[in-house]
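A structural walkthrough
These are the residues of each chain, in order.
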Amino acid sequence: MSDPLKLASEFPSADYASWRKLAEEALKGAPFEKKLVTNTLDGFSVQPIYTNDDQDDATRLIHEVLNATVEPRETVTGWDIRQLHTHPDPKATNAAILDDLENGATSITLRLDAAARAGREISSAEVGVDGIAIHCLADLDAALEDVYTNLATVGLDAGAAGVPAAALLAAHIANTDGADEAAPAFNIDPIGTLASTGTLPCGAQDAVDHAASIAVELIDLFPLATAISVNGAPFYNAGATDGQELACVLASGVTYLRALTDAGMAVDQAAGAMVFNVAIGTDFFAGIAKLRALRMMWSRVLSASGAEDATITINAVSAEMALTKVDPWVNMLRTTVTSFAAGLGGADSVTCLPYDHLIGLPDGFARRIARNTQLILQEESNVHRVIDPAGGSWFIENLTKEMAKAAWAKFQSLESSGGILSALANGSLKTEIETVWNAREKRLSTRRDPLTGVSEFPNITEAKVTCEKPDLEAIVADAKARQTKFDGTVGNSLNAMIEAARAGATIGHMFTDLYGTSAATCIGALPAHRLAERYEALRKRSDAHKAKTGSFPHVFLANLGKVAQHTARATFARNFFEAGGIEAITNNGFANADDVATAFGNSGAKIAIICGSDPQYADMAADVAKALKSKGASMVYLAGQPGDARPAYEAAGIDEFVFVGADVLAICGAALDHLLGKQGEK
């Protein structure tokens, strides 16, 4: 029977050449490459459209390779929902852990406080700062009371004290039922620690070799565990591109792989002893492609190393670089994007950071939103039901290929120059990442890369999010009460450290016995950046001024004519200045220069910005500027590009112009300096 609805046959067949012709006609002479092609910081271009003609043998193989590196069971159980815990009180942490595990989280990460991460004793001023006050086995027992470590993975973030902390966790798990079924993530990572802090307690290669030797013992005790973390987050959060992060991850992974095999592990066992921690930003498609590219490239590394199993374990975490302190509610959207991308990219576990992660300690609501973001993706969207769901998309396949090519080239460059440790020690990697960060800042300052709630649609009057402020003195007192006196000597083996931990040895004691008291390696650390940091610095100045005086620094909108005539540029100007913390005094518009000047004089403002249409500017801008200056305006701006009229406008008293593509940070920073003084409220 013939189809009575021959809709498709009535249209010409689609092809790229025809689409390109129509697109160029719509651009009306504007360059196609400039308007529709996106050039990435990794050095490759993203086209506006892809077809089957863009596929080649390399892209067709990607899905096949990825299928071979994913466990089919993950399509049934879904990825591991991992919750980060940082409350300084082990008992409060325990209550939060049990709440998380009872309500959908399937694993946890314990971030130790700054003192423990640096191997310092309980007398340090950093106890309870930026993490949990876990210094001895009793502290860890309190944090993990009633937690079934054979059912829920417990991960560590212990910095330079990764080995002593691993001994504590091993001692705790060995004392529990079902220890042989436990799959802890010890996350020993001297390379990531060196990158983020710039210090290690011994030589860098010695630290890697020591981590490998301890990893062998850990895997002997806990065959299902991962011992080594290959962490890309310090590189990405310093400003690195996705390709640079992947290159650093590969180089770090190869360094650990060599150390583990030199310590006696078979290649397959060594690969299984590692977990890759990858930061996912808010570029949704790039996040998917990054994890796919990592799986593909690591499979290539393992194949070249003689491994029979190409499986890789990946933990994806929301990139701190993408989160904001200003309007933190938007972080819920950001972490939804990062978690969704991680799930589609094939992450084995996902850490979704709470929306108030940067502000302070998350409460039960913040942790609930973080875990429920993933639960909804799994239980309602069924994202995990398909292996490599992005496979077959011409765009994502090409993005994966191009990202992998860029990362592989950088990886080869790192290896040919002596490896990741050498690049960190000589500062070349830091310089390379700083160059990328500077490029990011230029895009951020002109809002080419917009930040919702920060550089776009700011709300400077929003209520601030507040977080719990724990009683550190009481927490330290409790920690001291849990400690027992230990006068013994700690050996270098894992078993010796476990026995010492059971006898009361602290992380600080074990750290000192292992490494001494002074750091042996000290380099320039990679600074942790955030995309919003410079905008937030301006907002902080503004908030401090309001706290001191009762009002924000402000600018007067000199709106011309009727609402329809000025509203577009008035809205633009308001967003422009409020992104820098300068409140806009708005109105319904004025018919002439005298009315504008009178209203400005009554407003108490020092700065005014003229907002209207181009025809109005031609008729009124010069007169309005002169009138504003006569009423005491110390700075007059005009919203819009001045074009050929710039000299006449400047002669009339207009000092600056704001428009799409203008440097928001520079202009708002100068305005705040003008209003508050260069040192005012900084």
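Our structure's up above, just so we're on the same page.
We now turn to the structure provided with this report.

Reading guide: rules and limits
- Residues numbered from 1 in each chain as written.
- Predicted model: local features only at pLDDT ≥ 70, side-chain atom pairs only at ≥ 80, totals over all residues.
- Heavy atoms only, no water.
- Core = buried A, V, L, I, M, F, W, Y, C linked by side-chain atoms within 4.5 Å.
- Buried < 20%, exposed > 50% of the residue type's maximum accessible area, 1.4 Å probe, protein only.
- Contact = heavy atoms within 4.5 Å.
- Helix = DSSP H or I, 4+ residues; strand = E, 2+ residues; numbered from the N terminus.
- Polar contact = N/O pair within 3.5 Å; in protein donor to acceptor, adjacent residues only side chain to side chain.
- Axes fitted to C-alpha atoms, helices over the stretch in contact; angles between N-to-C directions.
- Left-handed = near helix turned anticlockwise from the far one by under 90°.
- Nonpolar A, V, L, I, M, F, W, Y, C, P; charged D, E, K, R; others polar.
- Pairing = 2+ DSSP bridges.
- Right-handed = clockwise from strand over helix to strand, strands pointing away.
- Parallel < 35°, antiparallel > 145°, perpendicular 65-115°, else oblique.

Membership of the largest hydrophobic core comes to 134 residues, with the highest contact counts inside it found for Leu-110, Phe-235, Trp-298 and Ile-420. If sequence neighbours within four positions are ignored, Leu-110 has contacts with His-85, Thr-93, Ile-97, Ile-132, Ile-134, Leu-140, Leu-144, Val-154, Gly-155, Leu-156 and Asp-157. Residues Ala-319, Ala-584, Leu-628 and Ile-654 belong to the second largest nonpolar core, which totals 66 residues.

Within the element layout of this structure, Arg-530 appears in the loop between β12 (521–522) and α23 (533–549). Note on Arg-530: relative accessible area 14%, which makes it buried. With 88 residues separating them in the primary sequence, Arg-530 and Ala-618 have C-alpha atoms 42 Å apart. A distance of 3.4 Å separates a polar side-chain atom of Arg-530 from the backbone oxygen of Leu-323.

This part takes up the packing of helix α14 (residues 284–304) against helix α15 (residues 331–345). Helix-helix packing is described using two parameters, namely the angle between the two axes and the distance between the axes. α15 packs onto α14 with a crossing angle of 35 degrees between their chain directions and a minimal axis gap of 8 Å. You can see that α14 and α15 cross each other, and the crossing is right-handed. Facing Phe-284, Gly-287, Ile-288, Leu-291, Arg-292 and Arg-295 of α14, the residues of α15 in contact are Val-337, Phe-340, Ala-341, Ala-342, Leu-344 and Gly-345. When the residues that make up the contact of α14 with α15 are grouped by side-chain class, the tally is eight nonpolar, two polar and two charged.

For strand β3 (residues 80–85), the buried fraction is high: six of the six residues fall into the buried class. With burial as the criterion, each face of β3 is covered, one bearing Asp-80, Arg-82 and Leu-84 and the other bearing Ile-81, Gln-83 and His-85. The pairing of β3 with strand β11 (residues 349–351) spans three bridges and is classified as parallel. Its bridge partner being in β11, Ile-81 is matched across the sheet by Val-350. Where β3 lies against strand β4 (residues 107–111), four bridges are found, and the strand directions are parallel. Counterpart to Arg-82 in the pairing with β4 is Ser-107. Each parallel crossover has a hand, and the one from β3 via helix α5 (residues 90–102) to β4 is right-handed.

Among the eight residues of helix α9 (residues 190–197), six are classified as buried, and the element is accordingly described as predominantly covered. Taken together, the buried positions of α9 are occupied by Pro-190, Ile-191, Gly-192, Thr-193, Leu-194 and Ala-195. Just past α9, the residue Gly-198 takes up positive phi, approximately 80 degrees.

At a closest axis distance of 8 Å, the pairing of helix α8 (residues 162–174) and helix α21 (residues 494–502) adopts a crossing angle of 70 degrees. The pairing of α8 with α21 is recorded here as roughly perpendicular in orientation. Here Val-163, Ala-167, Leu-168, Ala-170, Ala-171 and Ala-174 of α8 come into contact with α21, specifically with Leu-494, Met-497, Ile-498, Ala-501 and Arg-502. For the contact of α8 with α21, the residue count by class is ten nonpolar, no polar and one charged.

With that settled, the discussion passes to the environment of Ala-633. For Ala-633, the location among the structural elements is in the loop between α26 (614–630) and β16 (635–639). Residues within four places of Ala-633 in sequence aside, it is in contact with Phe-600, Lys-606 and Leu-628.

It is worth stressing that arrangement in space is one thing and function is another; only the former is reported here.
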